[in-house]
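Topology and contacts: notes
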Amino acid sequence: MQKFILIILLLVTVEGFAQNSDMPTDFLNKEFHKDRRAKLREKLPANSVAVFFANPVRNRANDVDYVYHQDPDFFYLTGYKESDAVLFIFKDKQTAANKTQYDEIIFVQPRNAQAEMWTGRRLGDQGVKDQLGLEQAFNNKEFKKYSVDFSKFDEILFFDFENDVRNDPRDSSDLYDLIDQFKMKVNYPSKEKGLTVSREPQKSNLNTKALTDIMNSLRGFKTKEELDMIRKAVSISCIGQREVMKAMKPGMSEREIQGIHEFVFKKYQAEDLGYPSIVGAGHNGCILHYIDNYKPNVTNKEMILMDLGAEFHGYTADITRTIPISGKFSPEQKQIYELVLKAQEEAMKVCKPGATFQDLTLATRTVVNKGLKDLGIIKTETEKHLYYPHGCCHHIGLDVHDRGPYDKLQESMVITIEPGIYIPENSNCDKRWWGIAVRIEDDYLITKDGYEHLSIAAPRKVEDIEALMKQPSALDDFVLPDLNTKN
């Protein structure tokens, strides 16, 4: 009877998977991922193979896991969004036992009716062939007997292991076992030896360094298909900022404000956040990666720093706006805000191919330091201080701090410019500046002659922010009942 039930379940899940028409149709297509694998193959050294593992499932607590998120490199090359998989991309054609030639092979988790009833549909090897276009796709249980002689390669390129993958003793082909089997196949050194042996290192074809530069050189330059995804993520995030500006009221909590942003993201079908949302009112904005968002009551005297990015089909935006809770900047808030805005606009003036990331950072630092000195917050422009403790630019894409070359700007890169000033309580300056934190962050596509300001729809100038905050919000009449916690 149990066997009969499993057969029925398998038939239902297979039919449901084949007829599943409730999924979006605008994902990156299999031709995109195939092209990315081809571009990677072009960059591989002679007689080599690159190896990529899917991300592990992460445990949240007890028998509950975090929502799964694929390793960005693995997704970039395959479009596969499940765990327990390994991908091989060969520089040269390989010949299988049946004389079939191939230059890539993937092992993925198999279809499992019972598991899919609990945790969702799986592609399986046939689904990977049909939907992702990887012709040499096999169930991961087959990996153990995969018999390529890895000693024949001059180099085996992979990212070294962090030893942070849990073993599921019920599954002999989970990610833990795939990694363990791979280590045996390539003669990976034991933990005690490491990959570098002190006095007389043994000759090894294992290379855990080269893939970083290769993947940076690929992912740092966005294709048209990727730009479509990034534009969508940025547009959604801009609307979130605008709607919060209209809905902002004293008495809201940081978490409620975060919730409005993220509701907008979900409304436009963004699957995830590119990073944990940062919503810090008053002095909380001075914590660069403040993700508690726990303050229950924001006040008229404060500003709120909101650094959020929707993730759409894997690609993230990264936009920060800082606005006054009251709807109008105080004189001190306005002075600091306009100083940060001026710093950003100075960086925009030099933002073009050929400029370096350091050029942009220097442009912002020069403005910030002179402005802080003019306001009496620091004594000299060369004074060392922590009021602007971070760089101003980074790549965005599949990661919020995306892969890419960090030297000169080049056409088709997508970067942020994000100067900031943060003056914590008890700083060594007049107390009227204490608790003021401002960051303005925007996303830019580097073009042939300059840049395209992707996030321009989210107001940046003082007068534009104040004007938008006067407009009515769709949430003005959305009032929930008080909680009744009495028995």
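Report on the accompanying structure. (Residues numbered from 1 in each chain as written. Predicted model: local features only at pLDDT ≥ 70, side-chain atom pairs only at ≥ 80, totals over all residues. Heavy atoms only, no water.)

Some remarks on helix α5 (residues 124-132)
Each α-helix turn comprises 3.6 residues. Residues three or four places apart therefore point the same way. Of all the positions in α5, only G124, G127, V128 and L132 are classed as buried. In a view along the axis of α5, the buried residues occupy a sector of 105°, so they form one face of it. G133, located one to two residues past α5, shows a positive phi value of around 75°. (Buried < 20%, exposed > 50% of the residue type's maximum accessible area, 1.4 Å probe, protein only. Helix = DSSP H or I, 4+ residues; strand = E, 2+ residues; numbered from the N terminus. Arc of directions from axis to C-beta.)

Quick look at the packing of aromatic side chains
For any pair of aromatic rings, the description rests on two quantities: the centre-to-centre distance and the angle between the ring planes. Within the structure shown, the criterion is met by 26 aromatic pairs. Here F150 and F182 contribute two aromatic rings whose centre-to-centre distance is 6.4 Å and whose plane-to-plane angle is 80°, an arrangement assigned as edge-to-face. Of the two residues, F150 sits in the loop between β6 (137-139) and β7 (155-157) while F182 sits in helix α6 (residues 175-185), which places them 32 residues apart along the sequence. On the basis of relative accessibility, which here comes to 2%, the residue F150 falls in the buried class. (Phe/Tyr/Trp six-rings, centres within 6.5 Å; stacked < 30°, edge-to-face > 60°.)

As for unusual backbone geometry
Notably, N293 is not glycine yet its phi reads approximately 50°, a positive angle. Looking at the secondary structure, you find N293 in the loop between β10 (278-281) and β11 (303-308). When its relative accessible area of 0% is taken as the criterion, N293 is described as buried. Phi at H313 takes a positive value of approximately 50°, unusual for a residue other than glycine. On the accessibility criterion, H313 (5% relative accessible area) is buried.

Quick notes on the sheet that holds strand β12 (residues 310-312)
As summarised here, the arrangement of the 3 strands in space is β9-β12-β13, forming an open sheet in which the pairing is antiparallel. In this open sheet, the two edge strands, each paired with only one partner strand, are β9 (272-273) and β13 (315-316). Pairing between β9 and β12: 2 bridges, direction antiparallel. Across the sheet, the residue bridging to L273 is A310, located in β12. (Pairing = 2+ DSSP bridges.)

With respect to the pairing of strand β16 (residues 420-423)
Residues G420 and Y422 point to one face of β16 and I421 and I423 to the other, with burial holding for every one of them. When β16 meets strand β17 (residues 436-439), the two strands line up antiparallel, connected through 4 bridges. Counted as the bridge partner of G420 is R439 from β17.

Comments concerning the side chain of E254
For E254, the position within the fold is in helix α9 (residues 254-267). Despite its burial, E254 pairs with no opposite charge, the nearest such side chain being K295 at 5.9 Å. For E254, the side chain forms a polar contact with the main-chain nitrogen of Y294, separated by 3.0 Å. Dropping the residues within four chain positions of it, E254 is found in contact with V279, G280, A281, N284, Y290, N293, Y294, K295 and V298. (Lys, Arg positive; Asp, Glu negative; His and termini not counted. Salt bridge = Lys/Arg side-chain N within 4 Å of Asp/Glu carboxyl O. Polar contact = N/O pair within 3.5 Å; in protein donor to acceptor, adjacent residues only side chain to side chain. Contact = heavy atoms within 4.5 Å.)

Some thoughts on the nonpolar core
Formed by 102 residues in total, the largest nonpolar core has its most connected members in L40, M248, I304, L360, I415 and I417. When residues in this core are grouped by element, the largest group, 10 residues, is from helix α8 (residues 224-247). Those residues in contact with M248, other than ones at most four positions away along the chain, are I257, I304, M306, I323, I325 and M469. If you look at the next biggest cluster of nonpolar residues, it comprises 25 residues, including F88, F90, Y102 and L206. (Core = buried A, V, L, I, M, F, W, Y, C linked by side-chain atoms within 4.5 Å.)

Concerning the sheet that holds strand β1 (residues 48-53)
With mixed pairing, 6 strands are arranged side by side in an open sheet as β6-β5-β4-β1-β7-β8. If you trace the sheet from one side to the other, it starts and ends with β6 and β8 (206-207), each paired once. Pairing between β1 and β7: 3 bridges, direction parallel. Bridging from a neighbouring strand, A50 pairs with L157 of β7. Of the strands in this sheet, β1, β4 (86-95) and β5 (101-108) touch helix α2 (residues 30-43), which is tilted by about 60° from β4. In the packing of α5 onto the sheet, the strands contacted are β5 and β6, and the crossing angle to β6 comes to about 165°. (Axes fitted to C-alpha atoms, helices over the stretch in contact; angles between N-to-C directions.)

Comments concerning the state of the cysteines
Summed over the entire model, instances satisfying the criterion amount to 0 disulfides. For C238, which is in no disulfide, the shortest distance to another cysteine sulfur is to C351 and amounts to 16 Å. Just so you know, C429 is unpaired, no disulfide at all, and the nearest cysteine sulfur is the one on C286, 10 Å from it. (Disulfide = S-S within 2.5 Å.)

Here's the deal with the pattern of salt bridges
If the charged atoms of two oppositely charged side chains come close together, the side chains can form a pair. Scanning all chains against the criterion turns up 29 salt bridges. For the salt bridge of E116 with R111, the shortest nitrogen-to-oxygen distance reads 2.7 Å. Judged by relative accessible area, E116 falls into the buried class, the value being 6%. The shortest N-O distance in the salt bridge between R219 and D399 comes to 2.8 Å. Of this pair, R219 sits in helix α7 (residues 210-219) while D399 sits in the loop between α11 (357-374) and β15 (414-417), and the two are 180 residues apart along the sequence. Several salt bridges converge on common partners, so that one network encompasses D73, R219, K222, D399, D402 and R403.

Focus: the packing of α8 against α9
Closest axis-to-axis distance for the α8/α9 pair is 8 Å, and the angle between their directions is 140°. Judged by the angle between their axes, α8 and α9 are oblique. By crossing handedness, the relation of α8 to α9 is classed as right-handed. Facing I236, S237, I239, G240, Q241, E243, V244 and A247 of α8, the residues of α9 in contact are I257, I260, H261, V264 and F265. (Parallel < 35°, antiparallel > 145°, perpendicular 65-115°, else oblique. Left-handed = near helix turned anticlockwise from the far one by under 90°.)

Here we look at the environment of N112
Take N112: it is sitting in the loop between β5 and α4 (113-119). The exposure class assigned to N112 is partly exposed, which follows from its relative accessible area of 33%. With 25 residues separating them in the primary sequence, N112 and L87 have C-alpha atoms 21 Å apart. One polar contact links the side chain of N112 to the main-chain amide nitrogen of Q114, over a distance of 3.1 Å. A distance of 2.8 Å separates the side chain of N112 from the backbone nitrogen of A115, its partner in a polar contact.

Spatial relationships are all this shows, so hold off on functional conclusions.
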